[in-house]
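# Summary of structural features
Residues per chain are reported as follows:
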Amino acid sequence: MRHRQFWWDTLINYIQQNPPLFIELVMLSAAIVLLGFWGVTLDWPYLVLSLSYAVGSSCSCLVRGAIAPDPTFRLPQLTAILLLVVSFFSFVDLLGYL
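Sequence order as written defines the numbering, with residues in each chain counted from 1. A pLDDT threshold of at least 70 governs which residues receive local features in this predicted model, and a stricter bar of 80 or more applies before side-chain atom pairs are shown or counted, although totals over entire chains, interfaces and linings include all residues. No hydrogens and no water enter the side-chain calculation; it runs on all heavy atoms of the structure.

## So, the overall build of the protein chain
Within the protein chain, the regular secondary structure consists of 4 helices and 0 strands. Each helix is a run of DSSP H or I of at least 4 residues and each strand a run of E of at least 2, with the numbering of both proceeding from the N terminus. Across the protein chain, helices and strands are ordered from the amino to the carboxyl terminus as α-α-α-α. Across the 98 residues in the protein chain, those meeting the buried criterion constitute 16%. Contacts spanning at least 24 positions in sequence make up 53% of the contacts within the protein chain whose residues lie at least 6 apart. Each charge sign in the protein chain was given a centre, from 4 positive and 5 negative side chains, and these centres are 15 Å apart. Each residue is placed in one exposure class: buried if its accessible area under a 1.4 Å probe, protein chains only, is under 20% of its type's maximum, exposed if it is over 50%, and partly exposed if it falls in between. Contacts are assigned to residue pairs that have any heavy atoms within 4.5 Å of one another. None of His or the chain ends enter the tally, which takes Lys and Arg as positive and Asp and Glu as negative. Just so you know, the charge point we use is NZ for Lys, CZ for Arg, CG for Asp and CD for Glu.

Structure representation (structure tokens):
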């Protein structure tokens with residue numbers, strides 16, 4: 001029981017210390033799950049929703065980086081830009097199916 005309490009306290013502390021990062025993590029997790037559903041069913045609404053979550057998370061990461069820049073660690077911003085580019089081209093590709 002003590003072990004479970006430790007993990008719960010750690011999660012609550014993490015959420016309180018950095019809420020935007022937690023929301024980005026939730027959005028990226030939802031995007032990955034929906035991408036998995038799309039991979040199994042090939043229904044395009046799953047892909048659209050997954051890409052939407054990825055774009056939202058990427059924009060949040062870029063805004064957070066612009067408000068409070070961290071000069072020593074640029075990997076999240078580069079990953080967010082890459083994810084935005086991939087999402088943009090995926091949305092353009094999906095326009096052919098509508």
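## Focus on the packing of helix α2 (residues 19-41) against helix α3 (residues 44-67)
Between the N-to-C directions of two axes lies an angle of 0 to 180 degrees, each axis being a line fitted to C-alpha atoms and, for a helix, fitted only over the stretch in contact. Interaxial distance between α2 and α3 falls to 8 Å at its minimum, and their mutual angle equals 160°. Put simply, α2 runs roughly antiparallel to α3. Like other packed secondary-structure pairs, α2 and α3 cross with a definite hand, here left-handed. For the pair α2 and α3, the contacting residues are Pro-20, Leu-21, Glu-24, Met-27, Leu-28, Ala-30, Ala-31, Leu-34, Leu-35, Phe-37, Trp-38 and Thr-41 in the first and Trp-44, Tyr-46, Leu-47, Leu-49, Ser-50, Tyr-53, Ala-54, Gly-56, Ser-57, Ser-60, Cys-61 and Arg-64 in the second. Gly is placed with the polar residues, together with every amino acid not listed as nonpolar (Ala, Val, Leu, Ile, Met, Phe, Trp, Tyr, Cys and Pro) or charged (Asp, Glu, Lys and Arg). Looking at the contact of α2 with α3, its residues break down into 17 nonpolar, 5 polar and 2 charged. The cut-offs work like this: below 35 degrees is roughly parallel, past 145 is roughly antiparallel, 65 to 115 is roughly perpendicular, and the gaps in between are oblique. What makes a crossing left-handed is the near helix being turned counterclockwise from the far one by less than a right angle; a clockwise turn instead makes it right-handed.

## Considerations on the packing of aromatic side chains
Two rings from Phe, Tyr or Trp (for Trp, the six-membered ring) form a pair when their centres sit within 6.5 Å of each other. Planes less than 30 degrees apart are called stacked, planes more than 60 degrees apart edge-to-face, and all others tilted. What the rule picks out here adds up to 2 aromatic pairs. A ring pair is formed by Phe-37 and Tyr-46, whose centres lie 5.6 Å apart and whose planes are at 55°; its orientation type is tilted. We classify Tyr-46 as partly exposed; its relative accessible area is 31%. Where Phe-88 meets Phe-89, the ring centres are 5.5 Å apart and the plane angle is 70°; that geometry is what we call edge-to-face.

## Notes on α2
Expected span, for any helix, means 1.5 Å times one less than how many residues it has. Helix length check: α2, at 23 residues, gives a terminal C-alpha distance of 33 Å against a target of 33 Å (1.5 Å per residue), a fit within 8%. Buried residues along α2 sit in contact with α3.

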